[in-house]
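Architecture and fold: a report
Below are the chains, spelled out letter by letter.
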Amino acid sequence: EAGVAQSPRYKIIEKRQSVAFWCNPISGHATLYWYQQILGQGPKLLIQFQNNGVVDDSQLPKDRFSAERLKGVDSTLKIQPAKLEDSAVYLCATHRGDRTDTQYFGPGTRLTVL
Amino acid sequence: QKEVEQDPGPLSVPEGAIVSLNCTYSNSAFQYFMWYRQYSRKGPELLMYTYSSGNKEDGRFTAQVDKSSKYISLFIRDSQPSDSATYLCAMTKTGNQFYFGTGTSLTVIP
């Protein structure tokens, strides 16, 4: 079974620029999460999708971050405009949706904002 | 108070030592407990997944859950340099929303 795919793996941008990350989940996984992980910290949930609907986006800074999951499969996370404090690893994770299973992570996208 | 507390370390042990990693939590509704291992510049990978109280063993790894004390542990026997990583605990009430610790950085010295 293929894992969660993310791209790009690394991105360096200047502050105030925009950036987009892409995630392709494990086939059949209905739930998709975007996390932000700052160095030395655990993952912080940004947004959770169930199929193509948003379940939880309470910690998403909506003035600059947006995410979508069209057709309930791939997802993109966008930051516009980026700030220095957005430098972090952005992790995508997916979950089959049944309580006997857990979530599986992609390799992450490391964003550096200069 | 954070939902999940985890000592960030860093923890440094000699090869072959037994390592104990721990997390405490505040919400008694958590039922599913996980340990993830995260190598530098990689995404977290699932190591252990347990339901409710008790022990679960997988090779050199043992996960323990004590729901009465709201305390979970991961033991690594005969630690190897390849075990050097950050270990994240995570838990969930419903199997749908996950709460993470901050991670413990472990270095196993050859």
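Refer to the structure above for everything that follows.
Rules used in this analysis
- Residues numbered from 1 in each chain as written.
- Chains lettered and ligands numbered in written order.
- Predicted model: local features only at pLDDT ≥ 70, side-chain atom pairs only at ≥ 80, totals over all residues.
- Heavy atoms only, no water.
- Core = buried A, V, L, I, M, F, W, Y, C linked by side-chain atoms within 4.5 Å.
- Buried < 20%, exposed > 50% of the residue type's maximum accessible area, 1.4 Å probe, protein only.
- Helix = DSSP H or I, 4+ residues; strand = E, 2+ residues; numbered from the N terminus.
- Contact = heavy atoms within 4.5 Å.
- Pairing = 2+ DSSP bridges.
- Axes fitted to C-alpha atoms, helices over the stretch in contact; angles between N-to-C directions.
- Buried area = accessible area lost by both parts, 1.4 Å probe.
- Salt bridge = Lys/Arg side-chain N within 4 Å of Asp/Glu carboxyl O.
- Polar contact = N/O pair within 3.5 Å; in protein donor to acceptor, adjacent residues only side chain to side chain.
- Nonpolar A, V, L, I, M, F, W, Y, C, P; charged D, E, K, R; others polar.

Another aspect to go through is the nonpolar core. Core analysis: the biggest nonpolar cluster contains 24 residues, and Trp35, Ile72, Leu74, Ile76, Tyr87 and Met91 of chain B have the highest contact counts within it. Where this core is concerned, the elements lending two or more residues are β3 (19–25), β4 (32–38), β5 (45–51), β7 (61–66), β8 (71–76), β9 (85–92) and β11 (104–109) of chain B. In this view, Tyr87 of chain B contacts Gln6, Leu21, Tyr36, Arg37, Leu47, Leu74, Ile76, Gly103, Thr104 and Leu106 of chain B; residues no more than four positions away in its chain are not counted. With 21 residues, the next largest nonpolar core counts Phe49, Leu77, Tyr90 and Leu111 of chain A among its residues.

We now examine the sheet that holds strand β8 (residues 75–79) of chain A. Strands in a sheet are paired, the pairing made by backbone hydrogen bonds, and the direction either parallel or antiparallel. Residues and elements named next belong to chain A. Read across the open sheet, the four strands follow the order β1-β3-β8-β7; overall the sheet is antiparallel. Each edge of the open sheet is held by one strand with a lone partner, namely β1 (5–7) and β7 (65–68). In this sheet, adjacent strand axes meet at a mean angle of 15° when their direction is disregarded. Where β7 meets β8, four bridges bridge the pair, whose relative direction is antiparallel. When the bridges of β8 are listed, Ser66 appears paired with Lys78.

Quite often, the size of an interface is put as the accessible area lost when its parts meet. Taken together, the contacts link 25 residues of chain A with 20 residues of chain B. Taking both sides of the interface into account, the surface hidden between chain A and chain B amounts to around 1,700 Å²; carbon and sulfur atoms contribute 46%. Our enumeration of links across chain A and chain B arrives at zero salt bridges. There are seven residue pairs in polar contact (both at pLDDT 80 or more) connecting chain A and chain B. When contributions to the side of chain A that touches chain B are tallied by element, the ones reaching two or more residues are β4 (31–37), β5 (44–50), β9 (88–95) and β10 (103–105) of chain A. Here the side of chain A that touches chain B takes four residues from β4 of chain A, the largest share from any one element. Taken together, the residues of the side of chain A that touches chain B sort by class into eight nonpolar, 12 polar and five charged.

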